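Given next are the chains, with one letter for each unit.
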Amino acid sequence: MAKIKLKKFLYGGDYNPDQWSEDVWEQDIEFMKYYNVNAVSMPIFSWAQLQPSEDKFTFEWLDRIIDKLYSNGIHVILATPTASQPAWLSKKYPDVLPVDIHGRKRKHGARQNYCPNSPNFKNAARRIVEQMAKRYKDHPAIIMWHISNEYGPYCYCENCAKAFREWLKERYKTLDELNKRWNTAFWGHTFYDWDEIEVPSYLNEEYEYMPGRQKSSFQGLSLDYKRFMSDSLLNLYKMEVEIIKKYMPDVPVTTNLMGPFKPLDYHKWAQYMDVVSWDNYPSIKDSPHSIAFKHDLMRGLKRDQSFILMEQTPSQTNWQWYNSAKRPGMIRLLSYHAIAHGADSVLYFQWRQSVGSCEKFHSAMVPHAGHLNTRVSKELKQIGDELLRLDEILESVNKSDVALLFDWENWWALEESMGFRNDISYLEHIDSYYKALYKLKTNVDVVDPTEDLSRYKLVVAPLLYLLDSNTAKNIEEYVKNGGIFITTFLSGLVDENDRVILGGYPGWFRKLLGIWIEEIDALFPDMKNAIILEKPLGTLDGRYECDFICDVIHSEGAKVLAYYEQDYYKGMPAILENTYGSGKSVYIGTRPEQKVIEGLIKYYADMAGVKPILPVPEGVEVTKRTKDGKEYIFLLNFNNYDVCIELPQEFYELITQKLFGGRVVLRAKEVMILRK
Amino acid sequence: MAKIKLKKFLYGGDYNPDQWSEDVWEQDIEFMKYYNVNAVSMPIFSWAQLQPSEDKFTFEWLDRIIDKLYSNGIHVILATPTASQPAWLSKKYPDVLPVDIHGRKRKHGARQNYCPNSPNFKNAARRIVEQMAKRYKDHPAIIMWHISNEYGPYCYCENCAKAFREWLKERYKTLDELNKRWNTAFWGHTFYDWDEIEVPSYLNEEYEYMPGRQKSSFQGLSLDYKRFMSDSLLNLYKMEVEIIKKYMPDVPVTTNLMGPFKPLDYHKWAQYMDVVSWDNYPSIKDSPHSIAFKHDLMRGLKRDQSFILMEQTPSQTNWQWYNSAKRPGMIRLLSYHAIAHGADSVLYFQWRQSVGSCEKFHSAMVPHAGHLNTRVSKELKQIGDELLRLDEILESVNKSDVALLFDWENWWALEESMGFRNDISYLEHIDSYYKALYKLKTNVDVVDPTEDLSRYKLVVAPLLYLLDSNTAKNIEEYVKNGGIFITTFLSGLVDENDRVILGGYPGWFRKLLGIWIEEIDALFPDMKNAIILEKPLGTLDGRYECDFICDVIHSEGAKVLAYYEQDYYKGMPAILENTYGSGKSVYIGTRPEQKVIEGLIKYYADMAGVKPILPVPEGVEVTKRTKDGKEYIFLLNFNNYDVCIELPQEFYELITQKLFGGRVVLRAKEVMILRK
Amino acid sequence: MAKIKLKKFLYGGDYNPDQWSEDVWEQDIEFMKYYNVNAVSMPIFSWAQLQPSEDKFTFEWLDRIIDKLYSNGIHVILATPTASQPAWLSKKYPDVLPVDIHGRKRKHGARQNYCPNSPNFKNAARRIVEQMAKRYKDHPAIIMWHISNEYGPYCYCENCAKAFREWLKERYKTLDELNKRWNTAFWGHTFYDWDEIEVPSYLNEEYEYMPGRQKSSFQGLSLDYKRFMSDSLLNLYKMEVEIIKKYMPDVPVTTNLMGPFKPLDYHKWAQYMDVVSWDNYPSIKDSPHSIAFKHDLMRGLKRDQSFILMEQTPSQTNWQWYNSAKRPGMIRLLSYHAIAHGADSVLYFQWRQSVGSCEKFHSAMVPHAGHLNTRVSKELKQIGDELLRLDEILESVNKSDVALLFDWENWWALEESMGFRNDISYLEHIDSYYKALYKLKTNVDVVDPTEDLSRYKLVVAPLLYLLDSNTAKNIEEYVKNGGIFITTFLSGLVDENDRVILGGYPGWFRKLLGIWIEEIDALFPDMKNAIILEKPLGTLDGRYECDFICDVIHSEGAKVLAYYEQDYYKGMPAILENTYGSGKSVYIGTRPEQKVIEGLIKYYADMAGVKPILPVPEGVEVTKRTKDGKEYIFLLNFNNYDVCIELPQEFYELITQKLFGGRVVLRAKEVMILRK
């Protein structure tokens, strides 16, 4: 796997020199040097500037700015400009433009506005990428490739339909197999010819059930279309990677991901990326643990490897409903937050705030004011200065004893299926359980359920509704060999085609969990029940409210930890623990209060021997990166007040370059990086 | 009118054997026998399984299962599979696919996804139905025909436009007449050629005024399009019936209706059905009276006849926002509820819970667990056993002294017209008045305003906005001959083309009611007024709040019962009673508190001599079915607690097969069927 | 500029005789005479009635009714019927029908349903208008022309795209200039051929960001499309005017505007109107100042000129969510309200309430009852009688010392741009500042920022986000020469292409205001801050809450009036005053409580020497019209109770035709017109 040759914390961001006259470039260089910028990403979105017509290329301006940057010590993350095709391409080749889920043929404009299965788009993309790779393959400025930008929307055109049928043939070989897997006998959907299969859209199978909540009438098809579309966009990415690798096999390639972005199965994507990079845009209302989750999810795409924070913003965005300025200290704290979770860079969107169009009020390293004598610029300068002291952390990794399982296909199926309740948000429940893990004050891995789990002491899998038999076996093996596994209602129910595992819920997990779920009751929003603990469990005791879903459970060997207080399943088990092989599995059959989730996770973490990295007060985050036997402990105070921390030994702190031990004060929004 | 030859309470449900391998059929038969199932509906949705290509039919599997069922004593409600055409048909004949209200040509998928005026759809439907009728005409298993399934969506394609123009020519003969009836002089809509008439959709006359509330700019056209679409779908139904009757004239034919389903004028449809059947899907939040209303509405489609409960679900559905499990005793109670209102069957959707696609979490008689050792299955078994004792009730009927008028065309016009307030829900007001009638503890008929009303002592017609002169005369005659008629604001205002009856509101009813309404004031949601009674009226006295609409009324002979407390119409009449012929008409010019509605209905019911079937406590429903001089009184305790009931005489109770008299305890969720 | 020859207050309304048989006309005339109606507008929407086919015209009915009216002393505001083309035209020439923002080709129906750049629509419109102008040019009944009706919706078809490209060529001459102005380097939007430019719609650049809030990804394009569409519709208007002026140069021409109607830049439109006319439809919930604002906005389109109230409704509308009846006295009070703000007419939609279609429940001068013995009709009669006494006011004008700046292009850019917060409503903030001016009890002009401002003592410009350099200079000159200018956050930021004025916010206004805004912070809805005054300012003192936006401001010479209480900009200036030339400019960098806005406006109005016309109690509105040295003071009591007013001298009151002086009682909903 190719690695970044520049052995420094990357500092810089997206740079769009083509939006400015060349005299502005001089000032850019001067400001970059002031900030200690050492890397910029470009020329994202510059396809039209680089290829004004089908047979004309104009790389000269790009040559000039790359040379100028490099001669000033600034490296380049070279981007392919394929996220926005030129207008002439859309005009000349109409197949380039996509069809949306309403069946509307789109017109040229915006960005990411192309069909991923358009032959002409692919040809044109291949051509511009090959031109770039050939031209810059020997340029010493180039330290990484950044493919396209924030891959995204699906297409529903006839070219996609054709490609989808080929994809299906590849997957299922015969229509008989497809008919069986999709349960097409339902509603007379049996197909007798591959050409009868239409893409699922608002013109047939899909509909907006509630605002923002899409449902499907035919999940087998809809789920495969999501897989296919994720693959179609991945194929574009892979097509570009292949060209680049021909010319620059040793330069790492990435594309900027977007955290929990539903349309693309990033677990699959990450296999084709040398390094994971992603764009982090919290609002000032986002809690630290929810941001931490995204970092861990992104890092978990490639375990045991650091990642690149490809974009964040110095202050406010333009596209959120309310774009508040980042409060003093927050951009620095969030930068260290990324590093604490495994980032080897602090990169921003964008370098210079644009003069027009929709992102003009998105903050940047150089504001509209045109100078750096601002609150935000001072903070950016401080970060740039401090990062120079952190190079020893580069490529260190976050090792975790605990893992949260997260799966894109499960996300798709869980939310698009119909039943029980139709307002289920996977992320909402993931958030509750991640928060409980986060509060253990230890590193958390967020990984795909297919990963080798043997390294973990505790594995948590909320609402793991869909999985295949291999994955079920993977989890079973983990427990059999001594692991502790916690899962919840709506888990283990269906196979990879969203077909129910017959014979009794929870399907794949029935034996592992030692239970049979007779019914899955959904509670209206105004309904509550409660669970009562059989006996104290760590910090938990007595009665706690629950709601949302209440499974009606029979133990088949599992020990009852808590039972329901009310309703017709009063006295029946709500939470159970099962001994399986050398391990334990725990089932939470309802949504209890958050403190129950946290109490249970703490109880089993203690049982598993999971220890906090350091015991720190509420609101202080602690993580650890490891490299060559050295440990780097990050303390981040997200509170608005100072806290005291008792250090168990003396540490060297990297930012202040001083030794600390005993009781130390960590000021509000302050950070310590302790080397052990 | 053909009758069901099987003289038993039908017990069973929708059966989809083609979704399962034949070895599962053996278990199905065994389980059916355990439950005492005697009838299953099939093969709904199996068109693609029965006709894999245009010239190939594969009825063999259906032969086998029908034979197997019959040889095990189970009869078949034979369904035509035309609710879901095969994919090859849509592919070969694009006219088969509909255009939606947005003007989007649909693609193949989902169900009920065809154009009702497509020549190719009609040809293909005729062909498969004829094949089936011919093949099974002599099979003794067949006890009823079930045409298609839940007829529904409208189409807006050019074939429909053409057919619409023909329908209009038939209705109006000349464009002059059409122009007059539609008031086309408004907004320059005058038509000079039939071809100028376009179907009303979101591309011209229709728009979504509020979420879920469609409005039209041109009601004459829009109203007729609804009539036409209801007729177009009815024509499909009639086309199938005609074929079947050719081969099996003595087997009753039905299609499963959906209660108050707005798109189709079921009063017209019922004329072509031997027996009414419908699908009842209450949520656990629905109140007993609102379910009772639907039964009475469906029974009212064919007065003096029992109906078929074609579908209900053993526990939860999949398609509601929150699909709670039915609480213990509820599926039994709801089954008896249907019977109490005139059903001769207890049928479920569906037999075996499906393994995949959107309905997989819809409950069924055989759950995913694959065995019957469940709470729900035990209740189903109990019902199946008990029904064996009820055959004497078959074909008994519910006779009523009171009627609620309900009209589909009125519903369409009331909600799609613009004015006064644009958030009017017909069903909401119907619910208030039905609830008041329901509380009389007597049978209630819900019937079309064109029915002969002479049998009733009390007729209630909330918001009867649209009617034609014959219907107005029908009501007038009823009152003239001694009836009591209660109506409300927004009644009598327009003719069948939504044209205002000029000369003073309430138009058709002005003379009958003895009032003139000078103004119809709409109150914002935060506005309230009150009515004050002139003198006590039954249980009512003094001041009550009102809101929504306040008519500004002048009596023209009517007696004032209550007047407004506030606003510029303070002191003016709000509720009036008029003597007309030998009867009385009552006008309620606003929306008072529910207790006023109930008090007024009770007052006039008493006046009319309407008696409760039995005096029973709150929360206990009582109805009566009659046959051959025998009366069957149903007592249903919807409370969560036991109640005492004083029986005025001794009765034989059918379920327990015991005699009861004097004070008896009716347990929570319990039922008695008393024969008198 | 042509003037209305009839020197009377116009009284009457929209008349649709073609919706009625001719025998009804007799009654119409009789009723009109009863009411003192002297003018009716027609034949709006009668195109199909006047031209049944391409080569046939049927003006005879129109001749008859015009003659009949005129012979009864009733004049005609002759309308062109082009708001609704005949169905045969749409059928024959499909280019007549528009394409909507979803890319859907519309079908015939509704109204205002044509493409403004359709060659065939233009040809046909020219033809019918020329026919009318020629036919009626010498008819003495005609006192004004009313072009089309409520011009409105945009089109997105290919004919519009072509015309748009021509419009752009005209505006920018070269693609280089356009690329620069639109900042097309952003997201690779560079155009190399005019034909590459697509209209912005939901198929590319536009999207619905929140319900009802449209956002654009590419403001340069989107803003110009709005200008172009406003111009396209204006061209239709001008095309008709040109034809009419050829035949009737001395008859004034207008079209009925709709107050703050976003799609059309009425400031540009007004240049082509002899007289401004508009349609006023307040709901009973609208506050007097918000209605007053609309009158002042419409009057401000042509300063120093009276306007025509072309439509209002006698009681309720049909199209609002809740259409309450106007309370007693309100239609009279609202009629005088219009006059108080500069109207020379009281005209209604409509004369006779229609019998069918969507406006049938819209109130009219002749109700469905068919007689005039109603509460509403009596009030209409009273108004008709009283207006006879007001002719001396005709053509008098409202002169103001204070002005509010309002600009359509600013509105478009402010709401469609992305950033800070995306829920900004221009009208909401305009309302706050207008209300403060309104409470000064003086006339208020609402004018375009390009107007000569030298006549004003005080000019207020909330959220004046977009302006060009000339406009910025206009305002600067005004202050330099002694004016007082008050503006707010989000002002001065961008040029006419929505490009940021670089070098420090607030861009154009930085020097004028003597401030630099380092940051623009957006507060979530649950966030609050407060401002604290440096020292008392008129009635203001101490601490007041603020929210929404908080600018982080540095004074560059301006005096700090108030500073922030909290957050990281605690103690920094929130409100500042700057002396510039002989004038003062005031900057309000946040949204304070309404009383602060009112206190500040009052403080600076006092400083500027702005005096109330008369000191009157809360809830009483006072305005003044002036003509030939005479002043007419209007007192309108919007309270529900009587008030005492101290008159400083004796006045002649026009309605009662009496003298009043000293303490007088103005009854609830009552009006006085005092001549000085």
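Residues numbered from 1 in each chain as written. Chains lettered and ligands numbered in written order. Predicted model: local features only at pLDDT ≥ 70, side-chain atom pairs only at ≥ 80, totals over all residues. Heavy atoms only, no water.

Novice: Please give an account of the overall build of chain A that cites residues and values.
Specialist: On a plain count of helices and strands, chain A comes out with 17 helices and 27 strands. Whereas a compact globule of 676 residues would reach a radius of gyration of roughly 26 Å, chain A reaches 26 Å, a difference of no more than 12%. The dimensions of chain A, computed from C-alpha atoms along their principal axes, are 75 × 75 × 40 Å. By the burial criterion, 69% of the 676 residues in chain A qualify as buried. A separation of at least 24 residues holds for 72% of the contacts in chain A among residues at least 6 apart in sequence. Taken as two groups, the 83 positive and 92 negative side-chain charges of chain A have centres that lie 4 Å from each other. (Helix = DSSP H or I, 4+ residues; strand = E, 2+ residues; numbered from the N terminus. Rg over C-alpha atoms; globule rule 2.2 N^0.38 Å. Buried < 20%, exposed > 50% of the residue type's maximum accessible area, 1.4 Å probe, protein only. Contact = heavy atoms within 4.5 Å. Lys, Arg positive; Asp, Glu negative; His and termini not counted. Charge placed at Lys NZ, Arg CZ, Asp CG, Glu CD.)

Novice: Can you break down the UniProt feature "binding site: substrate" (unreviewed entry) in chain A residue by residue, with the values?
Specialist: Look at the UniProt record and you will see "binding site: substrate" (unreviewed entry) annotated at Arg111(A), Asn149(A) and Trp319(A). If sequence neighbours within four positions are ignored, Asn149(A) has contacts with Ile44(A), Phe45(A), Ala83(A), Arg111(A), Gln112(A), Asn256(A) and Glu311(A). Checked against the element boundaries, Trp319(A) lands in the loop between β10 (308-311) and α11 (330-340). A relative accessible area of 37% means that Trp319(A) is categorised as partly exposed. If sequence neighbours within four positions are ignored, Trp319(A) has contacts with Tyr281(A), His362(A), Tyr209(C), Met418(C) and Asn422(C). (UniProt positions renumbered as here; feature names shortened; annotations may be inferred.)

Novice: Residue-level account of the relation of the copies chain C and chain B, with values.
Specialist: When chain C is fitted onto chain B, the two copies agree to an RMSD of 0.1 Å after a turn of 120° and an axial shift of 0.0 Å. Taken together, these values place the two copies in the relation of a three-fold axis. Relative to the rotation axis, the C-alpha of Arg104(C) is the closest in chain C, positioned 5.2 Å from it. (Least-squares fit on C-alpha atoms with pLDDT ≥ 70 in both.)

Novice: Explain the interface of chain C and chain B residue by residue, including any values.
Specialist: Between chain C and chain B, the residue contacts involve 51 residues of the former and 58 residues of the latter. Regarding the contact of chain C and chain B, the summed buried area is about 4800 Å², with carbon and sulfur atoms giving 56% of it. For the chain C face of the interface with chain B, the top three residues by lost area are Lys107(C), Tyr322(C) and Phe361(C), together amounting to 15%. Scanning the region where chain C abuts chain B turns up seven salt bridges. As a salt-bridge pair, Glu198(B) and Lys91(C) come within 3.6 Å of each other at their nearest N and O atoms. Along the contact surface separating chain C from chain B lie 39 residue pairs in polar contact (both at pLDDT 80 or more). Looking at the side of chain C that touches chain B, the elements that each hand over two or more residues are α2 (47-50), α4 (87-92) and α12 (375-387) of chain C. With three residues, α4(C) is the single largest residue contributor to the side of chain C that touches chain B. (Buried area = accessible area lost by both parts, 1.4 Å probe. Salt bridge = Lys/Arg side-chain N within 4 Å of Asp/Glu carboxyl O. Polar contact = N/O pair within 3.5 Å; in protein donor to acceptor, adjacent residues only side chain to side chain.)

Novice: Break down helix α12 (residues 375-387) of chain B for me, with residues and values.
Specialist: The α-helix advances 3.6 residues per turn, and as a result positions three or four apart in sequence lie on the same side. Here α12(B) is 13 residues long and its end C-alpha atoms lie 19 Å apart, about the 18 Å a rise of 1.5 Å per residue gives. When α12(B) is considered as a whole, its buried residues turn out to be Arg375(B), Val376(B), Ser377(B), Glu379(B), Leu380(B), Lys381(B), Ile383(B), Gly384(B), Glu386(B) and Leu387(B). Turning to α12(B), the residues buried within the fold contact β16 (515-522) of chain A together with β1 (10-14), α1 (22-35), α11 (330-340) and β11 (345-348) of chain B. (Expected span 1.5 Å × (residues − 1).)

Novice: Quick rundown of the domain arrangement of chain A? Include the residues and the values.
Specialist: Residues and elements named next belong to chain A. Structurally, chain A comprises domain 1 (10-152 + 226-393), domain 2 (158-224), domain 3 (402-608) and domain 4 (620-675). Taken together, the contacts link 14 residues of domain 1 with 13 residues of domain 2. Broken down residue by residue, the surface that domain 1 buries against domain 2 is led by Ile 101, Arg 227 and Phe 228, which jointly contribute 52%. Remark: the boundary between domain 1 and domain 2 carries one salt bridge. Summed over the shared surface of domain 1 and domain 2, the result is eight residue pairs in polar contact (both at pLDDT 80 or more). Counting residues per element, the side of domain 1 that touches domain 2 draws most heavily on helix α8 (residues 219-247), at five residues. Counted by class, the side of domain 1 that touches domain 2 contains six nonpolar, four polar and four charged residues. (Domains from an automatic or database assignment. Nonpolar A, V, L, I, M, F, W, Y, C, P; charged D, E, K, R; others polar.)

Novice: Kindly report on unusual backbone geometry, identifying the contributing residues and their values.
Specialist: Note the cis peptide between Met42(A) and Pro43(A), where omega equals -5°. For Asp498(B), which is not glycine, the phi dihedral falls at a positive 60°. When you line up the elements, Asp498(B) lands in the loop between β15 (484-488) and α16 (510-513). The backbone of Gln657(B) shows a phi angle near 55°, a positive value even though the residue is not glycine. Here Gln657(B) lies in the loop between β25 (643-653) and β26 (658-666).

Novice: Please set out the sheet that holds strand β9 (residues 277-279) of chain A residue by residue, giving values where relevant.
Specialist: Backbone-to-backbone hydrogen bonds pair the strands of a sheet. The strands run either parallel or antiparallel. All names here are of chain A. Spatially, three strands are ordered β8-β9-β10 in an open sheet, and the strand pairing comes out parallel. Because the sheet does not close on itself, it has two edges, and the strands there are β8 (256-257) and β10. Alignment of β9 against β10, held across three bridges, turns out to be parallel. Within the sheet, the bridge partner assigned to Trp 278 lies in β10 and is Leu 309. (Pairing = 2+ DSSP bridges.)

Novice: Give a detailed account of the packing of helix α10 (residues 288-300) of chain A against helix α14 (residues 426-438) of chain A, specifying residues and quantitative values.
Specialist: Residue and element names in this part refer to chain A. Where α10 contacts α14, the axes come no closer than 10 Å and their chain directions differ by 95°. By the criterion of interaxial angle, the relationship of α10 to α14 is roughly perpendicular. Residues Pro 288, His 289, Ser 290, Ala 292, Phe 293 and Asp 296 of α10 lie in contact with α14, whose contacting residues are Ile 430, Asp 431, Tyr 434, Lys 435 and Tyr 438. Of the residues in the contact of α10 with α14, the class split is six nonpolar, two polar and three charged. (Axes fitted to C-alpha atoms, helices over the stretch in contact; angles between N-to-C directions. Parallel < 35°, antiparallel > 145°, perpendicular 65-115°, else oblique.)

Novice: Tell me about the environment of Ile383(A), residues and numbers included.
Specialist: All names here are of chain A. Mapped onto the elements of the fold, Ile 383 is located in helix α12 (residues 375-387). Distance from Ile 383 to Arg 299, taken between C-alpha atoms, is 22 Å for residues 84 residues apart in sequence. Once residues within four sequence positions are removed from consideration, Ile 383 is found in contact with Tyr 11, Ile 331, Arg 332, Ser 335, Val 346 and Tyr 348.

Novice: Hey, could you go over the UniProt feature "domain: Glycoside hydrolase family 42 N-terminal" (unreviewed entry) in chain A for me, with residue numbers and the actual values?
Specialist: In this numbering, the UniProt entry assigns the feature "domain: Glycoside hydrolase family 42 N-terminal" (unreviewed entry) to residues 14-389 of chain A. Secondary structure within residues 14-389 of chain A divides into 39% helix and 10% strand; the distance between the first and last C-alpha atoms comes to 23 Å.

Novice: Please give an account of the packing of α8(A) against helix α13 (residues 408-416) of chain A that cites residues and values.
Specialist: All names here are of chain A. Interaxial distance between α8 and α13 falls to 10 Å at its minimum, and their mutual angle equals 145°. For the pair α8 and α13, the crossing hand works out as right-handed. In contact with Gln 219, Ser 222, Leu 223, Lys 226, Arg 227 and Ser 230 of α8, α13 contributes Glu 409, Trp 412, Ala 413 and Glu 416. (Left-handed = near helix turned anticlockwise from the far one by under 90°.)

Novice: Quick one: what's the story with the packing of aromatic side chains, residue by residue and with numbers?
Specialist: All names here are of chain A. Here the structure, examined in full by the defined rule, presents 126 aromatic pairs over all chains. Ring plane angle 65° and centroid distance 5.4 Å describe the contact between Phe 293 and Tyr 434, whose orientation is recorded as edge-to-face. Residue Phe 293 is found in helix α10, and its partner Tyr 434 is found in helix α14; the two are separated by 141 residues along the sequence. Owing to a relative accessible area of 7%, Phe 293 belongs among the buried residues under this scheme. (Phe/Tyr/Trp six-rings, centres within 6.5 Å; stacked < 30°, edge-to-face > 60°.)

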